[in-house]
Amino acid sequence: GAVVSQHPSRVICKSGTSVKIECRSLDFQATTMFWYRQFPKQSLMLMATSNEGSKATYEQGVEKDKFLINHASLTLSTLTVTSAHPEDSSFYICSAHAPGQGDEKLFFGSGTQLSVL
Amino acid sequence: DQQVKQNSPSLSVQEGRISILNCDYTNSMFDYFLWYKKYPAEGPTFLISISSIKDKNEDGRFTVFLNKSAKHLSLHIVPSQPGDSAVYFCAALGNQFYFGTGTSLTVIP
């Protein structure tokens, strides 16, 4: 199946710093990528939909200026957590929609565990 | 508003027995459903899917059943193995993917 690579897998940073997470589709072009956030023992919560070449669409309650999304190419989307605070600590997962890739229509990265001290 | 619900947060099953994970949804316009398996600190991996035009899809030990009138789907794993222990998410495709809250399955050796 298609592969989505997400880096870094784990990051620890000080409060007030910015953290960039990369999501790459390795063997297919992803015009649409999604960013999710998961708190412990909770579901995947969609944060935003990233469209190549256009502005991301954010879900209600997600701060656009806090979570900057860039989808500059068909294989790369980035999420930047700006001025991170401890409450931003979470598990962030990206996924890419790959129409035509068999039954599996949504491929996930391996996730990034962000810990803000 | 949670459009996809998994009402059982956890399930324990003896090795070799059947595991049944349930999922309910509210939007009759959903036309494609998927099950994902997730280990801690990893991204979800695809397990099995079903289109709304079918009521059953089978892949090895995994079978998904869809009851459109009840807006209910279930994942059957038989026989269950210790390696199946993970969190299972169901998802529905409408204008976006909607995920349930997950069910943590523990298969006891």
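Summarised in this report is the structure supplied together with it. Per chain, residues are indexed from 1 in the order of the written sequence. To read the labels, note that chains go from A and ligands from 1, taken in the order they are written. Thresholds applied to this predicted model are a pLDDT of at least 70 for local features of residues and 80 or more for the giving and counting of side-chain atom pairs; totals over whole chains, interfaces and linings are not thresholded and use all residues. Heavy atoms throughout the structure, all of them, feed into the side-chain values; hydrogens and water do not.

## Some points on the state of the cysteines
Here is step 1 of the chain: We call a pair of cysteine sulfur atoms a disulfide when they lie within 2.5 Å. Taken as a whole and judged by the stated rule, the model has two disulfides over all chains.
Here is step 2 of the chain: With a sulfur-sulfur separation of 2.0 Å, C23 of chain A is cross-linked through a disulfide to C94 of chain A. Judged by the sign of its S-S torsion, about 80 degrees, the bond between C23 of chain A and C94 of chain A is right-handed. Taken together, the positions of C23 of chain A in strand 3 (residues 19-25) and C94 of chain A in strand 9 (residues 90-97) put the pair 71 residues apart, joining distant regions of the chain. As far as burial versus exposure is concerned, C23 of chain A and C94 of chain A are alike and both buried.
Here is step 3 of the chain: Each sulfur of the disulfide joining C23 of chain B and C90 of chain B lies 1.9 Å from the other. In this structure, the disulfide formed by C23 of chain B and C90 of chain B twists by about 65 degrees around the S-S bond and is classed as right-handed. What counts as a helix is a DSSP run of H or I of at least four residues, what counts as a strand is a run of E of at least two, and both are numbered from the N terminus. Exposed residues in this analysis have more than 50% of their type's maximum accessible area, buried residues have under 20%, and partly exposed residues fall in between, with area computed by a 1.4 Å probe over protein chains only.

## A few points about the interface of chain B and chain A
Here is step 1 of the chain: Whether two residues are in contact is decided by their heavy atoms, any of which lying within 4.5 Å being enough. With 17 residues of chain B in contact, the opposing surface of chain A contributes 18 residues.
Here is step 2 of the chain: We count a salt bridge whenever a side-chain nitrogen from Lys or Arg sits within 4 Å of a carboxyl oxygen from Asp or Glu. At the surface where chain B touches chain A, the tally comes to zero salt bridges.
Here is step 3 of the chain: Polar contacts here mean pairs of N or O atoms no more than 3.5 Å apart (in protein, one a potential hydrogen donor and the other a potential acceptor; neighbouring residues in sequence count only if both atoms are side-chain atoms). On the surface where chain B and chain A come into contact, there are three residue pairs in polar contact (both at pLDDT 80 or more).
Here is step 4 of the chain: Elements with a contribution of two residues or more to the side of chain B that touches chain A: strand 4 (32-38), strand 5 (45-51), strand 9 (86-93) and strand 10 (97-99) of chain B.
Here is step 5 of the chain: When its residues are assigned to classes, the side of chain B that touches chain A shows ten nonpolar, five polar and two charged. The residue classification treats Ala, Val, Leu, Ile, Met, Phe, Trp, Tyr, Cys and Pro as nonpolar and Asp, Glu, Lys and Arg as charged. All others, Gly included, are polar.

## Looking at the pattern of salt bridges
Residue and element names in this part refer to chain B.
Here is step 1 of the chain: The full count for this structure, using the stated rule, is three salt bridges over all chains.
Here is step 2 of the chain: Here R61 ties to D84 by a salt bridge, and the two come within 2.8 Å at their closest N and O atoms. Placement of the pair is R61 in the loop between strand 6 (56-59) and strand 7 (62-67) and D84 in the loop between strand 8 (72-77) and strand 9, with a sequence separation of 23 residues. We note that R61, like D84, is buried.

## A few points about the sheet that holds strand 1 (residues 4-5) of chain B
Residue and element names in this part refer to chain B.
Here is step 1 of the chain: Strand order in the open sheet made by the five strands is 1-3-8-7-6, with antiparallel pairing throughout. Edge strands, defined here as strands with exactly one partner in the open sheet, are strand 1 and strand 6.
Here is step 2 of the chain: Two strands are said to pair when DSSP picks up at least two bridges between them. Direction of pairing for strand 3 (residues 19-25) relative to strand 8: antiparallel, over a ladder of six bridges. Looking at the pairing, N22 lines up with S74 of strand 8.

## Re the environment of T63 of chain B
Residue and element names in this part refer to chain B.
Here is step 1 of the chain: Relative to the elements of secondary structure, T63 occurs in strand 7.
Here is step 2 of the chain: The sequence separation of T63 and L47 amounts to 16 residues, and the corresponding C-alpha distance is 9.8 Å.
Here is step 3 of the chain: Not counting the four nearest positions on each side in its chain, T63 is found in contact with I48, K56, N57, E58, S74, L75 and H76.

## Things to note about the packing of aromatic side chains
Here is step 1 of the chain: When the centres of two rings from Phe, Tyr and Trp lie within 6.5 Å, Trp using its six-membered ring, the rings pair. Their planes under 30 degrees apart give stacked, over 60 give edge-to-face, and anything left gives tilted. A complete count under the given rule lists 13 aromatic pairs over all chains for this structure.
Here is step 2 of the chain: The interplanar angle of 85 degrees and the centroid separation of 5.4 Å between the aromatic rings of Y36 of chain A and F99 of chain B together place this pair among those described as edge-to-face. Residue Y36 of chain A is located in strand 4 (residues 32-38), and its partner F99 of chain B is located in strand 10; the two belong to separate chains.
Here is step 3 of the chain: Judged by relative accessible area, which is 5%, F99 of chain B ranks as buried.
Here is step 4 of the chain: Residues Y36 of chain B and F99 of chain B carry aromatic rings whose centres are separated by 6.0 Å and whose planes lie at 55 degrees to one another, so their mutual orientation is tilted. Here the residue Y36 of chain B occupies a position in strand 4, and F99 of chain B occupies one in strand 10, the gap between them amounting to 63 residues.
Here is step 5 of the chain: On the basis of relative accessible area, Y36 of chain B is assigned to the buried category, the value being 0%.

## Focus on unusual backbone geometry
What is expected of a backbone is that most residues other than glycine have negative phi and most peptide bonds are trans.
Here is step 1 of the chain: The residue after H7 of chain A, namely P8 of chain A, is reached through a cis peptide bond having omega -5 degrees.
Here is step 2 of the chain: Relative to the elements of secondary structure, P8 of chain A occurs in the loop between strand 1 (4-7) and strand 2 (10-13).
Here is step 3 of the chain: Put simply, V78 of chain B and P79 of chain B share a cis peptide bond, and its omega is -10 degrees.
Here is step 4 of the chain: Relative to the helices and strands, P79 of chain B resides in the loop between strand 8 and strand 9.

## Description of the nonpolar core
Here is step 1 of the chain: F67 and L114 of chain A are the most contacted members of the largest nonpolar core, which has 27 residues in total.
Here is step 2 of the chain: At the level of elements, strand 2, strand 3, strand 4, strand 5 (44-51), strand 7 (67-73), strand 8 (76-81), strand 9 and strand 11 (112-116) of chain A are the ones that each hand at least two residues to this core.
Here is step 3 of the chain: Not counting chain neighbours up to four residues away, the residues in contact with F67 of chain A comprise R37, M47, Y58, V62, L79, T80, V81, D88 and Y92 of chain A.
Here is step 4 of the chain: In terms of nonpolar packing, the next biggest core, distinct from the first, is built from 24 residues, W35, I48, L66 and V107 of chain B among them. Definition of nonpolar core: a set of buried residues of the types Ala, Val, Leu, Ile, Met, Phe, Trp, Tyr and Cys, connected through side-chain atoms within 4.5 Å.

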